[in-house]
Amino acid sequence: MLRNGAAGGGGAATGGGGHRPVRVWCDGCYDMVHYGHSNQLRQARAMGDYLIVGVHTDEEIAKHKGPPVFTQEERYKMVQAIKWVDEIAPGAPYVTTLETLDKYSCDFCVHGDDITLTIDGKDTYEEVKTSGRYRECKRTQGVSTTDLVGRMLLMTKAHHSNIDEDLDYRKHTDNFGKGPKGHSPWTGVSQFLQTSQKIIQFASGKEPQPGDTIIYVAGAFDLFHVGHVDFLEKVHRLAEKPYIIVGLHFDQEVNRYKGKNYPIMNIHERTLSVLACRYVSEVVIGAPYAVTADLLDHFRVTLVCHGMTEVVPDKDGSDPYEEPKRRGIFQLVDSGSNLTTDLIVQRIIKNRLEFEARNQKKEAKELAVLEAMRRLEEEKH
């Protein structure tokens, strides 16, 4: 068990007011963690006072779904970094049982309104559903691991904001989440629509307090991953009371210095991914590439940090960190991690055939369940 302490938002971990804290259980693979996973955990945390998240081992996932993209240690660290998580349970069993809920003194289990199946096609939550210790939260529309992988493999830019959808991407949305016999609503692809409500739900809403050290970092933070978490954790440790502001560059700016079809996640998706991280206090959506005097003065920035990745010059050839360096407030931070978005994409492409086979199997199992549900409904009428 790895404890994080009280999460941001939701009820107090102590329960308050004398009532026994409501302990909530979630579990999953959490492979390629994205804002859809974070949103599920946010909703689950709001249903109680203390959230424990069980994360499956590589061996369990390989048995039921195929090999994960990220190792279990990487996945544990990613889930721990989500601000609504109070504690993680490494090595949680793939099938959720009453024994597991009782072991961690959890009142009920929360899962999204999609289906999770074992290798032999059984609902992994059947036991807790039957006993009435199951709650459902809404699945986040417009994001799936399948879609993100599809973007990497196709190398199109149709997912960027302000770019018209192209035919390749439309073909991908039609085919990538489909099995040979139809289309599953859970594995298929849809488009994410950003709303102000969603940003409010993810944002901390906390202003800097007197005595806070305001630290500014900027970048793409694309496919928000464990390398980003390691960096932000190191930055967080630089001060006793850190207030970390992350400047996110617009899609077109990221594409200028990263090339190919980067960013894989558009600005709206990257905003939610970063806001879900417990080390982040605020996000600047569409931050200027050059860290200007105006920006530093406006946010009263004490320190500007950058990782060990290359700093690409601005359009005019200038150093984007020229001003913070002139002020003597610039610091390079070594995260100790060599994981980059590029490396993740390489891992995915290497596993492409395995992933596509895994997706087809998942799709076929889901369609079989849908067919069984349809037959049951017909028998009732």
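Note that the structure is a prediction, hence the values are computed from the model and not measured.

1. A word on the pattern of salt bridges
Scanning the entire structure with this criterion turns up 22 salt bridges. Ionic pairing is found between Glu233 and Arg237, a salt bridge with its closest N-O pair at 3.1 Å. Here Arg237 falls in the exposed class, since its relative accessible area comes to 58%. Notably, a salt bridge pairs Asp314 with Arg256, separated by 4.0 Å at the nearest N-O pair. In this pair, Asp314 is assigned in the loop between β12 (303–306) and α13 (322–327) and Arg256 in helix α10 (residues 251–258), connecting sequence segments 58 residues apart. Taking the relative accessible area as the measure of exposure, Asp314 reaches 18% and is therefore buried.

2. What to know about the sheet that holds strand β13 (residues 330–332)
If you walk across this open sheet you meet the five strands as β11-β10-β9-β12-β13, and the pairing is parallel. On the outer flanks of this sheet lie β11 (282–285) and β13, each paired with one strand and no other. The mean inter-strand angle of the sheet, taken between neighbouring strand axes irrespective of direction, is 25°. Bridge count between strand β9 (residues 213–219) and strand β10 (residues 242–248): seven bridges; the pairing is parallel. Paired with Val217 across the two strands is Val246, which belongs to β10. Running over the sheet, helix α9 (residues 226–236) touches β9, β10 and β12 and is turned about 140° from β10.

Rules of the game
Residues numbered from 1 in each chain as written. Predicted model: local features only at pLDDT ≥ 70, side-chain atom pairs only at ≥ 80, totals over all residues. Heavy atoms only, no water. Salt bridge = Lys/Arg side-chain N within 4 Å of Asp/Glu carboxyl O. Buried < 20%, exposed > 50% of the residue type's maximum accessible area, 1.4 Å probe, protein only. Helix = DSSP H or I, 4+ residues; strand = E, 2+ residues; numbered from the N terminus. Pairing = 2+ DSSP bridges. Axes fitted to C-alpha atoms, helices over the stretch in contact; angles between N-to-C directions. Contact = heavy atoms within 4.5 Å.

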